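# Secondary and tertiary structure notes
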Amino acid sequence: MRLTAEQEAFRDDLRQYLDSEVDPVVDDLDENGPLDRETLLTFIRDLRELGIGFDPETAPQFFGDVWRFVITAEEVSRVWPSLNVGLMMSFPSVFVRFASSETREAMLPKLERGECLGSLAVTEPSGGSDTARPRTTARKEGEEFVLNGQKTWVGNAHYADVVLVVAEDESAGAQDMFLVDRENASFETEELEKLGWKGVSNARITFDEVRVPADNRLSTMFSNAIGAGNDMNDIVPFPESVTQLFFEQKPLNATFSFMRTGMAFMAVGIMQAAFDEALAHATDRETFGSPIGGHQLVQETLYDMRVGLETSRQLARRAAESLETGSEDARLLSSMAKGYTSETCVDVTSNAIQVFGGEGLKTDNRLERYFRDARVMPIPDGTTEIQKLIVGKELTDLSAYT
Amino acid sequence: MTDELARRIEASFEKDDDQLEEDLPELLDDIDGQADELVREHPALVSRLLGRMQEMDIAEFVSENPETADQFQELLWAGVRVLAENDDEVSEQITEDISVNFEADDCPMTGHLRTDADAGTVTGGSGHLDDSDLTITGPADTLVGLITGGVDPIQGFMQQKYEMDGPVHKGTRLAPIMNSLSEKAATPQ
Ligand SMILES: Cc1cc2nc3c(=O)[nH]c(=O)nc-3n(C[C@H](O)[C@H](O)[C@H](O)COP(=O)(O)OP(=O)(O)OC[C@H]3O[C@@H](n4cnc5c(N)ncnc54)[C@H](O)[C@@H]3O)c2cc1C
């Protein structure tokens, strides 16, 4: 895999921005996180200038190029994983364009300015691994659906303008999603304190008789949009190879493959940051009269870290390539990549602390943040156990999780 | 003339579902060969018959009466063809040649559909085409619902009620055609 000149330029501009604008403020902002809406929007506005975002103008070039998407996930996470999460979890706002007139009226101007923040509510307090059976319900009443239930761990929930909620559609006896916009509906959120990803908000949401227009049901939005002459790629701004996977691997699974590949690159970004600092420290810090990097056991640690980083990056790239070509292995490779890189980045960031010794544990250094951010990775978007079961199903065609 | 047949179909509407299910194999047998004529002469009746059939467990019916599966589909497709014939709303939607095979996964029922962009027509029938652009697989009820309007094609797909194989853009172009067809099939003429 080789980046085009245009993709390389995109990466260079992004790196430059992150180093000059985000790196100097990240420690302070992460420590005092989660970000508030206005601060997150400041970054999102800047990133939009670089071609990263969800508005109708930016989304097709950002999501429409798998490499731009994964470069962003890696580079942003190298500097600040929480910012990557805040950005990526905003994805559901792309559906505003196809929602009810009520939601469009309220949200489209914001979306077009690149300021409509989104959020995805799948996980429920009763368990996040088994997503096939949501307890949140959507009851049809006239031209509305009425939502009841609880969601938890929802990224961006506090300040999101729209939330895409998975619920059991009682009228169809099937699982569906519903776009709730904050201007026409209200719900309670409760912040969750957590170990890592401290810069981004995760919250519990309670839906108590929350009414949304019937046209805000995701399957209806697709139906209406296609009826109006749109293609799948107009609705979900993925490359054609990925929307083709909607047919071969179901829309939700293909979307997960895309997001999990992004998560794998996020893990790579965290590892890169930890490795770079560990290597610099190893040549700088001296014990027994020589740099610690000259001690064989420290070299072994550096070897382990670098191998973990390189194998992770290669596997993540394989997953990205499979999305780019619409390969039938996309689900297998993206789950493998998410599972493997998430676990590996826990080891790599832990090793980075080891190379730093006591300094690595100090909260005024970044090493402990890398480790805390890394430790979160094996849980969201399907735990490592679930990724293993998906890979098992893809390999054997026998499901261990239905 | 299909008046006598129409009277018998009419009479069977008076019966409950079980009785209608019992009568259906014989009725379908009699309709065989004159489905187009029946639909032309008594379109509302055919809509009603298809509507009643949609309420039945089609997979069970086809499994118990395998020989009637083809006849049922011939009636279904004759209904669609005739109701959509010369209909501007339907032909306007047909902007591409698309061929589709249908396969029930809960009973031995296969069918197909073909659109012709130049002629602006849709034709269909039982059995598979040798090579089709798309293959739709799902429960028989859902497949029939797709044709008669009980199941919205995109919504049903997104809710994973059936699976579709083939190029996505053909699938998305098929959906509005199916929608306009099923609108016709559901509206008594
Ligand atoms: C920081 C963070 C951000 C998140 N962001 C979002 C978000 O934006 N939106 C959202 O909807 N959700 C989000 N989540 C939720 C996340 O997706 C879930 O936490 C995750 O899927 C696991 O669900 P759970 O926590 O309920 O664990 P459980 O499902 O209760 O699982 C507990 C343990 O059992 C294991 N396990 C469960 N079933 C099996 C099985 N069949 N075989 C083997 N092991 C099994 C799991 O792997 C895990 O180790 C986030 C979570 C975190 C921590």
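Fair warning: this is a prediction, and the values are worked out from it, not measured in the lab.

Thresholds, definitions, all that
- Residues numbered from 1 in each chain as written.
- Chains lettered and ligands numbered in written order.
- Predicted model: local features only at pLDDT ≥ 70, side-chain atom pairs only at ≥ 80, totals over all residues.
- Heavy atoms only, no water.
- Helix = DSSP H or I, 4+ residues; strand = E, 2+ residues; numbered from the N terminus.
- Rg over C-alpha atoms; globule rule 2.2 N^0.38 Å.
- Buried < 20%, exposed > 50% of the residue type's maximum accessible area, 1.4 Å probe, protein only.
- Contact = heavy atoms within 4.5 Å.
- Lys, Arg positive; Asp, Glu negative; His and termini not counted.
- Charge placed at Lys NZ, Arg CZ, Asp CG, Glu CD.
- Salt bridge = Lys/Arg side-chain N within 4 Å of Asp/Glu carboxyl O.
- Polar contact = N/O pair within 3.5 Å; in protein donor to acceptor, adjacent residues only side chain to side chain.
- Nonpolar A, V, L, I, M, F, W, Y, C, P; charged D, E, K, R; others polar.
- UniProt positions renumbered as here; feature names shortened; annotations may be inferred.
- Near = heavy atom within 4 Å.
- Areas by Shrake-Rupley, 256 points an atom, 1.4 Å probe, with all protein chains shown as cover.
- Pairing = 2+ DSSP bridges.
- Phe/Tyr/Trp six-rings, centres within 6.5 Å; stacked < 30°, edge-to-face > 60°.

## Let's talk about the overall build of chain B
The secondary structure content of chain B amounts to 10 helices and 5 strands. For 189 residues, the compact-globule estimate of 2.2 N^0.38 gives 16 Å, and chain B sits close to it at 16 Å. Principal-axis analysis of the C-alpha atoms places the extent of chain B at approximately 45 × 35 × 30 Å. Out of the 189 residues belonging to chain B, those deemed buried represent 55%. Sequence-distant contacts, at least 24 apart, represent 72% of the contacts inside chain B between residues at least 6 apart. Across chain B, 12 positive and 44 negative side-chain charges occur, with their mean positions spaced 5 Å apart.

## So, the interface of chain A and chain B
With 23 residues of chain A in contact, the opposing surface of chain B contributes 22 residues. Between chain A and chain B we count 1 salt bridge in total. For the interface between chain A and chain B, the tally reads 9 residue pairs in polar contact (both at pLDDT 80 or more). Among the elements of the structure, strand 5 (174-181), helix 7 (218-227) and helix 9 (240-249) of chain A are those that each provide at least two residues to the side of chain A that touches chain B. The element that contributes the greatest number of residues to the side of chain A that touches chain B is helix 7 of chain A, accounting for 6 residues. Its residues assigned to classes, the side of chain A that touches chain B comprises 9 nonpolar, 8 polar and 6 charged.

## Concerning the UniProt feature "domain: SCP2" (unreviewed entry) in chain B
In the numbering used here, UniProt assigns the feature "domain: SCP2" (unreviewed entry) to residues 112-178 of chain B. The span residues 112-178 of chain B carries 39% helix and 28% strand; its end-to-end C-alpha distance comes to 13 Å.

## Some words on the site of the ligand
Residues and elements named next belong to chain A. Around the ligand lies a shell of 20 residues, among which Val122, Thr123, Gly128, Ser129 and Thr383 are the nearest. Within the side chain of serine 129, an N or O atom sits 2.6 Å from an oxygen atom of the ligand. At 2.9 Å, a backbone N or O of tryptophan 153 approaches a nitrogen atom of the ligand. Within the complex, 68% of the 960 Å² of free accessible area of the ligand lies under protein. Elements represented by at least two residues in the shell around the ligand include exactly strand 1 (118-121), strand 3 (144-155) and helix 14 (384-396). Residue contributions to the shell around the ligand peak at 3 residues, all from strand 3. Classifying every residue of the shell around the ligand by side-chain character gives 11 nonpolar, 7 polar and 2 charged.

## A look at the pairing of strand 5 of chain A
All names here are of chain A. Strand 5 sits mainly inside the fold: 7 of its 8 residues count as buried. Direction of pairing for strand 4 (residues 162-169) relative to strand 5: antiparallel, over a ladder of 8 bridges. Looking at the pairing, valine 162 lines up with aspartate 181 of strand 5. The antiparallel pairing of strand 4 with strand 5 creates a hairpin that spans 4 residues between the two strands, and glycine 173 there sits at a positive phi of about 60°.

## What about the packing of aromatic side chains?
For any pair of aromatic rings, geometry is given as the distance between the ring centres together with the angle between the planes. Residues and elements named next belong to chain A. Counting across every chain of the model gives 19 aromatic pairs over all chains. Ring centres of phenylalanine 69 and phenylalanine 258 lie 4.4 Å apart, and the angle between their planes is 25°; this geometry places the pair in the stacked category. Of this pair, phenylalanine 69 sits in helix 4 (residues 66-79) while phenylalanine 258 is found in helix 10 (residues 251-284), placing the two residues 189 residues apart along the sequence. Judged by its relative accessible area of 1%, phenylalanine 69 falls in the buried class. Judged by relative accessible area, phenylalanine 258 falls into the buried class, the value being 0%. Grouped by ring-pair contacts, the aromatic residues Phe54, Phe62, Phe63, Phe69, Phe91, Phe95, Phe222, Phe238, Phe246 and Phe258 constitute a single cluster.

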